[in-house]
Amino acid sequence: MPELPEVETVRDGLARWAVGRTITSVQVNNLRSVRRHLAGPEDLAARLAGQRLESAERRGKFLWLVLPADLALVVHLGMSGQVLVQPPDAPDEKHLHVRFSLEPADLELRFVDQRTFGGVLLDQTIDGVPSTVAHIARDPLDPLFDDALFVKRLRARNSAVKRCLLDQTLVSGIGNIYADEALWRARVHGERLGAALTRAQAVDLLAQVRDVLGEAITAGGTSFDALYVNVNGQSGYFDRSLNAYGREGRPCGRCGAPIRRTAFMNRSSFWCPSCQRPPRVQRHAGLG
DNA sequence: TTCTGCTCCTGAGGGC
DNA sequence: TGCCCTCAGGAGCAGA
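To start, this report covers the structure provided alongside it.

Definitions and limits used
- Residues numbered from 1 in each chain as written.
- Chains lettered and ligands numbered in written order.
- Predicted model: local features only at pLDDT ≥ 70, side-chain atom pairs only at ≥ 80, totals over all residues.
- Heavy atoms only, no water.
- Near = heavy atom within 4 Å.
- Polar contact = N/O pair within 3.5 Å; in protein donor to acceptor, adjacent residues only side chain to side chain.
- Nonpolar A, V, L, I, M, F, W, Y, C, P; charged D, E, K, R; others polar.
- Helix = DSSP H or I, 4+ residues; strand = E, 2+ residues; numbered from the N terminus.
- Expected span 1.5 Å × (residues − 1).
- Buried < 20%, exposed > 50% of the residue type's maximum accessible area, 1.4 Å probe, protein only.
- Arc of directions from axis to C-beta.
- Contact = heavy atoms within 4.5 Å.
- Pairing = 2+ DSSP bridges.
- Axes fitted to C-alpha atoms, helices over the stretch in contact; angles between N-to-C directions.

1. Details of the protein's contact with DNA strand C
Around DNA strand C sit 18 residues in total, of which His 76, Met 79, Phe 117, Tyr 245 and Arg 261 are the nearest. When the atoms of DNA strand C within 4 Å of the protein are grouped by moiety, sugar and phosphate amount to 57% of the total. Measuring from a phosphate oxygen of DNA strand C, one finds a side-chain N or O atom of Lys 61 at 3.2 Å. Ser 268 has a polar side-chain atom sitting 2.8 Å from a phosphate oxygen of DNA strand C. Tallied by class, residues from the surface near DNA strand C come to five nonpolar, eight polar and five charged.

2. Examining helix α6 (residues 199–218)
Taking 1.5 Å as the rise per residue, α6 with 20 residues should run 28 Å; its terminal C-alpha atoms sit 29 Å apart, in good agreement. Residues of α6 that are buried include every one of Ala 202, Leu 205, Leu 206, Gln 208, Val 209, Val 212, Leu 213 and Ala 216, and no others. Mapping the buried residues of α6 onto a view down its axis gives an arc of 160 degrees, with all of them on the same face. Turned more than 90 degrees away from the buried face of α6 sit Arg 199, Ala 200 and Thr 218, all of them exposed. Close packing links the buried residues of α6 with α1 (4–17), α3 (147–154), α4 (161–166) and α5 (176–186).

3. Digging into unusual backbone geometry
Note the cis peptide between Glu 103 and Pro 104, where omega equals 0 degrees. By secondary structure assignment, the location of Pro 104 is in the loop between β6 (96–103) and β7 (108–113). The backbone phi angle of Asp 70 is positive, close to 60 degrees, even though this residue is not glycine. For Arg 187, which is not a glycine, the phi torsion comes out positive at approximately 60 degrees. When you line up the elements, Arg 187 lands in the loop between α5 and α6.

4. A closer look at the sheet that holds strand β2 (residues 55–59)
Taking strand neighbours across the sheet as the criterion, the five strands line up as β2-β3-β4-β8-β9 in an open arrangement whose pairing is antiparallel. The open sheet terminates on both sides in strands that have one partner only, identified here as β2 and β9 (129–130). Taken together, the two bridges between strand β8 (residues 119–126) and β9 define a ladder with antiparallel strand orientation. Residue pairing across strands places Ile 126 opposite Val 129, the latter belonging to β9. Contacting β2 and β3 (62–67), α1 runs over the sheet at an angle of about 170 degrees to β2. Sitting on the sheet, helix α2 (residues 41–48) touches β3, β4 (71–76) and β8, and the angle it makes with β8 is about 60 degrees.

5. Here we look at the sheet that holds strand β5 (residues 81–86)
Strand order across the open sheet formed by four strands is β1-β6-β7-β5, with antiparallel pairing between neighbours. Here the strands that pair on one side only, and so sit at the sheet edges, are β1 (22–28) and β5. Mean inter-strand twist for the sheet, computed between neighbouring axes without regard to direction, equals 20 degrees. Alignment of β1 against β6, held across six bridges, turns out to be antiparallel. When the sheet's bridge partners are listed, Gln 27 is paired in β6 with Arg 99.

Pasting the structure below:
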């Protein structure tokens with residue numbers, strides 16, 4: 001599933017292969033993929049035609065191609081979105097929803113999305129950030145990320161720490177996989193309250209988040225199936241380095257205890273019952 | 001203001 | 001073989 005490392009891999013691919021080219025036309029095959037462009041698909045196509053792609057930027061899981069006049073083509077991959085750079089004569093993908101023809105015409109951009117949680121839109125930027133992304137916090141790999149502010153805000157939350165990690169207005173770029181991995185590395189149970197963490201624990205958790213995200217970027221992201229690929233259609237290999245996520249029943253790499261899986265926020269959490277002791281008082285909501 | 005739970009969506013996989 | 005059900009989860013929203 002696309003989290004920060006996967007989106008960064010895609011951004012890097014766009015910077016290499018798409019930046020410097022000009023959009024000549026836009027073909028929308030699925031209206032749901034442009035639903036966040038409120039003016040409609042015709043407006044999107046008309047305003048993008050002739051626009052030069054100046055750079056590829058990212059904040060958390062949002063990425064955007066910078067256009068002239070403070071405009072940006074914003075892309076969110078959702079759960080299954082892909083941005084592919086393909087020759088125009090390559091066969092269409094089954095879930096090809098938006099096609100961006102480019103000049104030079106030897107390559108085109110394709111937005112492909114099986115589950116259609118993602119989408120694209122044209123947006124105005126303010127200080128270089130699209131207005132639809134302005135509410136998203138900086139990610140931990142951003143040089144301007146404020147560690148002290150994050151620790152302060154995390155420790156003020158009366159909410160499960162895993163939910164805090166998934167809150168993109170607190171810290172961006174972390175999804176279910178890397179939240180579980182960082183919590184495992186920090187030996188913190190996801191149901192612990194943010195307010196129950198010591199300052200040292202919060203600082204260490206942030207460090208583990210940084211480590212796991214950085215290692216995943218180096219590996220090209222995490223792929224369990226064909227739902228995440230880079231702009232050339234290739235999968236990452238960080239799934240081979242996972243210690244908790246998807247390892248239910250398999251021994252913890254530290255202590256050997258079988259990894260547990262519990263439901264949380266309509267998804268799964270994977271944790272070690274020995275290394276990550278759950279809080280004594282179970283809350284009504286949260287893990288388990 | 002903070003927090004929780006629900007909804008959207010499609011395809012794979014399992015059970016019958 | 002075909003049908004039905006469950007599961008996967010990012011982000012936004014409603015309601016408490």
